[in-house]
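Observations on the three-dimensional arrangement
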Amino acid sequence: MTVHLEVAEGVGTLRLDRPPMNALDVAVQERIRELAEEATRRDDVRAVVLYGGEKVFAAGADIKEMRAMDHAAMVLRARGLQDSFTAVARIPKPVVAAVTGYALGGGCELALCADYRIAADNAKLGQPEILLGLIPGAGGTQRLPRLIGPAKAKDLIFTGRQVKADEALAIGLVDRVVPAADVYTEAHAWAAKLAQGPAIALRAAKESIDTGLEAGLDIGLTVERTWFAGLFATEDRERGMRSFVEEGPGKAKFR
């Protein structure tokens, strides 16, 4: 298999495994979609790490495969490409990308589907599709400007240039930079901490934020208040408030 889902202690690691560069061909895209949907369904997966291994996250699409496609073939495939990545973005649980080495093109777009990005100090990210006479097709023109703003996104997409980890951190493309040897450990620790949190409330928070960003303030506020009120029916809410009153803040143990 070119992609694996490994689960331990509430954390599911979605691991790309197509050496040497984790090129994202159609088979890999479909496997990502399948495992993202599996991670969504499984109760034992409470947070997810996206990981490509110690050397590279994903260097982009399989150019040889894409070159063989004509317009008609890509019309049929483009929706499937987007859907495979959207399945990751729609995982209703905290998702962190552990970015090592190159995250280019589709690799960068996959990282954009995470809620949080931890990058190695030697990482390089970018959307080089323009250098092929193309534009990003797996969500880059939409998710990148929502994350870093339209001007910075246009700079990266128009020029196709790669950014090193320090610049990626400065423009908000990644959220933390750590030594390369520590990337997965730090990402797993982030996910493991949240895996111990209130699962329904975390789902509510993610859906409220994402829906508001996509659909606008009024709809976002409606989703927020609906979830807010609904959480008063959960055991986690009772457990959290009882612990706060009896033991002080931050000591609740959630199921």
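Look up a bit, the structure's there.
What this report covers is the structure whose coordinates are included nearby. This one's a predicted model, so the numbers in the text were calculated from it and none came from an experiment. (Residues numbered from 1 in each chain as written. Predicted model: local features only at pLDDT ≥ 70, side-chain atom pairs only at ≥ 80, totals over all residues. Heavy atoms only, no water.)

**Re the sheet that holds strand β5 (residues 102–104)**
- The strand order across the open sheet formed by three strands is β5-β7-β8, and the pairing between neighbours is mixed. The sheet is open, and its two edges are formed by β5 and β8 (162–164), each paired on a single side. Direction aside, neighbouring strands of the sheet carry axes that sit 20° apart on average.
- Bridge analysis of β5 against strand β7 (residues 124–126) gives three bridges, and the strand direction is parallel. (Pairing = 2+ DSSP bridges. Helix = DSSP H or I, 4+ residues; strand = E, 2+ residues; numbered from the N terminus. Axes fitted to C-alpha atoms, helices over the stretch in contact; angles between N-to-C directions.)

**Quick look at the packing of helix α1 (residues 26–41) against helix α3 (residues 71–89)**
- Packing of α1 against α3 leaves a shortest axis separation of 8 Å and a crossing angle of 40°. Judged by the inter-axis angle, α1 sits oblique to α3. Judged by the sense of rotation from one axis to the other, the crossing of α1 with α3 is left-handed. Contact residues: Val 26, Gln 29, Glu 30, Ile 32, Arg 33 and Ala 36 in α1; Arg 77, Gly 80, Leu 81, Asp 83, Ser 84, Phe 85, Ala 87 and Val 88 in α3. (Parallel < 35°, antiparallel > 145°, perpendicular 65-115°, else oblique. Left-handed = near helix turned anticlockwise from the far one by under 90°. Contact = heavy atoms within 4.5 Å.)

**Description of α3**
- Here α3 is 19 residues long and its end C-alpha atoms lie 27 Å apart, about the 27 Å a rise of 1.5 Å per residue gives.
- Arg 77 marks the point of greatest bend in α3, at about 35°.
- Those residues of α3 not exposed but buried are Arg 77, Gly 80, Leu 81, Ser 84, Phe 85, Ala 87, Val 88 and Ala 89.
- Each element contacted by the buried residues of α3 is listed here: α1, β3 (47–51), β4 (95–99), α4 (106–112), α5 (140–148) and α9 (199–215).
- For α3, the N-terminal capping position is held by Asp 70, with its side-chain oxygen 3.3 Å away from the main-chain nitrogen of Ala 72. (Expected span 1.5 Å × (residues − 1). Bend = angle between axes of the 7 residues up to and from the residue. Buried < 20%, exposed > 50% of the residue type's maximum accessible area, 1.4 Å probe, protein only. Polar contact = N/O pair within 3.5 Å; in protein donor to acceptor, adjacent residues only side chain to side chain.)

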